[in-house]
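Tertiary structure, described
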Amino acid sequence: MLWLRSLIHYLVMAIFSASIGALFGLIYGMATAIGLLSCSVLYHLVNLGRLHRWVENSRVDNVPSGILLWQEVFDRVYNQVRLQSKIKERLTNTLDRFTNASEALPDGVVILDEHDRIEWCNRSAAQHMAINRVSDVWQVISNIVRHPSLREYLRSQDFAHPLVLHTHRPQEQVLSVQLVPFDSSRKLLLSRDITQLDRVQTVHRDFVANVSHELRTPLTVVGGFIETMIDMPDTDAHTRGQHLQLMYDQTQRMQRLVDDLLTLSRLESGQQMREEEVDVPQLMRLLAAEAEGLSQGRHIVTIGHLDAIRLIGNHDELHSAFGNLVSNAIRYTPNDGEITLAWHLNNDHGIFSVQDSGIGISPEHVPRLTERFYRVDRGRSRSTGGTGLGLAIVKHIIQRHQAQLLVQSKSGEGSLFSVKFPPQRVINN
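These notes cover the structure that comes with them. Fair warning: this is a prediction, and the values are worked out from it, not measured in the lab.

This brings us to the packing of helix α8 (residues 237-268) against helix α12 (residues 390-400). Between α8 and α12, whose axes approach to 10 Å, the crossing angle comes to 30°. One way to sum up the angle between α8 and α12 is to call them roughly parallel. Where α8 crosses over α12, the handedness of that crossing is left-handed. Contact with α8, carried on its side by Asp260, Thr263, Leu264, Leu267 and Glu268, involves Ala392, Ile393, His396, Ile397 and Arg400 of α12 and no other residues of that element. Tallied by class, residues from the contact of α8 with α12 come to five nonpolar, two polar and three charged.

Below, the structure written as structure tokens:
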């Protein structure tokens, strides 16, 4: 062992020094012996001083040199310093990797002490909860995220299930947060942005409610007339005919709703679109003919600007999208109103448009027009036979064609619906 060897070394040196001192004391006297002994002590003090200075500097590349046991002491201390330096470097690298991994997480991570004070948080947590990573350290988390449910969640100490927070800072979002104790005093507060998931669930709930509502009325009408015909089998032919006509109208309404739901489901499933060259001028003439049939002479339907350009796309889907826009124009335009269809090239973009002189749309409704079952006037929409899914179908079709829907409208002044196709889909011969 090093200490035993050091003890033996000192004993040998002391005996050697004493012997030399005694010998020289006999020869040269006591002064010379004391001088030699002082030199030996001075030698050890100098090496101790060198060792102390080197350890204080902690420079591995500047190790001192010595003789005999002092060289071994320097070597052993040098090896220990190198080992500690490597361990420190490994720990530093591990900590850096952990920190980088935590920073890369999409979920937020906050380390809290036993008093729920913030010790550290990653970038996502700072964004989710508006935490300043410098000034908010050692602040109580409930003082930063001022939400009563979070304060109650921390107080209850029941962390088996996550807590859903609706926050408005720095922006409106929905967070799922959960506390996870990881030692005797510290806790991890994990946060996840579920805003999009919450919106999807809301849309799903609204969709189910709207479908149920849309089907309830025609089913009630049909069921009521069937019950009447069962209870009154001797109803006259005229009344029976009226009942049957109303029942037929309601079943047609349900059929249109089911057809639109199936179309929307197919579009949302992301199936590969079969593309071809679409003769848009020919399609425009077909749409005009269908519009005149739907209008039954109550409107003036014309084709305005018509360029001889074609599109790369799916004919049936484009027919459905354009047809929805045209039928909407007819439904919401009073008798003797004008409806103009156009197809032209503008800065290499293909523009399909439907302009009407109808009732128009207030600006606050325009951003929500493509939502499923959204109606500006629910009563008028049902009376005209609309399902509330037409513009949602239009939105999905034009997105599949990398196009853009543009709406210009004012209440009482008519509307202009345009579909803008990118240049790569336009064929200009």
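Following the structure, the description resumes.
Turning next to the sheet that holds strand β12 (residues 415-421). Ordered by their spatial adjacency, five strands build an open sheet running β7-β9-β10-β12-β11, and the pairing between neighbours is mixed. Each having just a single partner strand, β7 (300-306) and β11 (404-409) make up the two edges of the open sheet. Pairs of neighbouring strands in the sheet enclose a mean axial angle of 15°, with direction left out of account. Here eight bridges tie strand β9 (residues 338-346) to strand β10 (residues 349-356), and the two strands are oriented antiparallel to one another. When the bridges of β10 are listed, leucine 341 appears paired with valine 354.

All right, on to the side chain of asparagine 314 then. Tracing the backbone through its elements, the reader meets asparagine 314 in the loop between β8 (310-313) and α10 (315-331). On the accessibility criterion, asparagine 314 (7% relative accessible area) is buried. Of the polar contacts made by the side chain of asparagine 314, one reaches the backbone oxygen of arginine 274; its length is 2.9 Å. Engagement of the side chain of asparagine 314 in a polar contact is seen with the backbone nitrogen of aspartate 316, the distance being 3.2 Å. Excluding residues within four positions of it along the chain, asparagine 314 makes contact with Met273, Arg274, Glu276, Val278 and His401.

Inspection of every chain in the model, using the stated rule, returns four aromatic pairs. Relative to phenylalanine 352, the ring of phenylalanine 322 has its centre 3.8 Å away and its plane inclined at 15°; by these criteria the two rings are stacked. One end of the pair, phenylalanine 322, is in helix α10; the other, phenylalanine 352, is in strand β10, and 30 residues separate them in sequence. Look at phenylalanine 322 and you get buried, because its relative accessible area is 0%. Using a relative accessible area of 0% as the deciding quantity, one classes phenylalanine 352 as buried. What links up through ring pairs into an aromatic cluster is the set Phe322, Trp343, Phe352 and Phe421.

With that out of the way, let us pick up the sheet that holds β8. If you walk across this open sheet you meet the three strands as β6-β8-β13, and the pairing is antiparallel. With one partner strand each, in any of the chains shown, β6 (276-278) and β13 (426-427) form the two edges of the open sheet. Relative to β8, β6 runs antiparallel, the two being bridged by three bridges. If you follow glutamate 276 over to β8, its bridge partner there is glycine 313.

The first and last C-alpha atoms of α10 sit 24 Å apart over 17 residues, in line with the 24 Å expected at 1.5 Å per residue. For α10, the tally of buried residues reaches twelve of 17 residues, placing the bulk of the element in the interior. Residues of α10 that are buried include every one of Glu317, Leu318, Ala321, Phe322, Gly323, Asn324, Leu325, Val326, Ser327, Asn328, Ala329 and Ile330, and no others. Measuring from the backbone nitrogen of aspartate 316 back to the side-chain oxygen at the start of α10 gives 3.2 Å, which picks out asparagine 314 as the cap.

Note on placement: alanine 101 falls in helix α3 (residues 69-104). As for alanine 101 and asparagine 122, which are separated by 21 residues in sequence, their C-alpha atoms are 9.6 Å apart.

In this section: the nonpolar core. Leu311, Phe322, Leu325, Trp343, Phe352, Val419 and Phe421 are the most contacted members of the largest nonpolar core, which has 40 residues in total. Of all the secondary-structure elements, those providing two or more residues to this core are α8, α9 (280-295), α10, β9, β10, α12 and β12. Top contributing element to this core by residue count: α10, with seven residues. Setting aside anything within four residues of it in sequence, one finds valine 419 in contact with Phe322, Leu325, Gly350, Ile351, Phe352, Ile398, Ala403, Gln404 and Leu405. If you look at the next biggest cluster of nonpolar residues, it comprises 21 residues, including Ile118, Ile141, Leu154 and Leu175.

Attention now moves to the pattern of salt bridges. What the rule picks out here adds up to eleven salt bridges. Linking arginine 186 and glutamate 119 is a salt bridge whose minimum nitrogen-to-oxygen distance equals 3.0 Å. A residue pair is termed long-range when its members are at least 10 positions apart, and arginine 186 in the loop between β4 (173-181) and β5 (187-193) and glutamate 119 in strand β2 (residues 118-121) qualify at 67 residues. The class for arginine 186 is partly exposed, based on a relative accessible area of 31%. When the shortest N-O distance is used, the salt bridge between arginine 274 and glutamate 276 registers 3.5 Å. For glutamate 276, a relative accessible area of 27% puts it in the partly exposed group. The structure contains a network of salt bridges with shared partners spanning Glu103, Arg123 and Arg133.

Calculation rules
- Residue numbering note: each chain is counted from 1, following its sequence as written.
- Local features are withheld for residues below a pLDDT of 70 in this predicted model, meaning they are given only at 70 or higher, and side-chain atom pairs are given and counted only at 80 or more; totals for whole chains, interfaces and linings count all residues.
- Hydrogens and water molecules were not included; the side-chain quantities draw on all heavy atoms of the structure.
- Fitted lines through C-alpha atoms serve as axes, helices being fitted only where they are in contact, and the angles separating the N-to-C directions of these axes extend from 0 to 180 degrees.
- Numbering of helices and strands runs from the N terminus, with a helix taken as a DSSP run of H or I at least four residues long and a strand as a DSSP run of E at least two residues long.
- Our angle categories are set so that under 35 degrees counts as roughly parallel, over 145 as roughly antiparallel, 65 to 115 as roughly perpendicular, and the remainder as oblique.
- For any helix crossing, the convention is left-handed if the near helix is rotated counterclockwise from the far helix by under a right angle, and right-handed if that rotation is clockwise.
- The criterion used for residue contact is that any of the two residues' heavy atoms lie within 4.5 Å.
- Just so you know the grouping, Ala, Val, Leu, Ile, Met, Phe, Trp, Tyr, Cys and Pro go in nonpolar, Asp, Glu, Lys and Arg go in charged, and all remaining residues, Gly too, go in polar.
- Between any two strands, at least two bridges found by DSSP are needed for them to pair.
- Relative accessibility thresholds used throughout: buried, under 20% of the residue-type maximum; exposed, over 50%; partly exposed, between the two (1.4 Å probe, protein chains only).
- The definition of a polar contact used here is a pair of N or O atoms within 3.5 Å, where within protein one atom must be able to donate a hydrogen and the other to accept one, and adjacent residues in sequence count solely through side-chain atom pairs.
- Stacked, tilted and edge-to-face are the three classes assigned to paired rings of Phe, Tyr and Trp, where Trp is represented by its six-membered ring and a pair needs centres within 6.5 Å; plane angles under 30 degrees give stacked, over 60 edge-to-face, the rest tilted.
- Expected helix span is taken as 1.5 Å per residue step, with the number of steps being one fewer than the number of residues.
- What we call a nonpolar core is a set of buried Ala, Val, Leu, Ile, Met, Phe, Trp, Tyr and Cys residues that are connected through their side-chain atoms within 4.5 Å.
- Between Lys or Arg on one side and Asp or Glu on the other, a salt bridge is scored when a side-chain nitrogen of the former is within 4 Å of a carboxyl oxygen of the latter.

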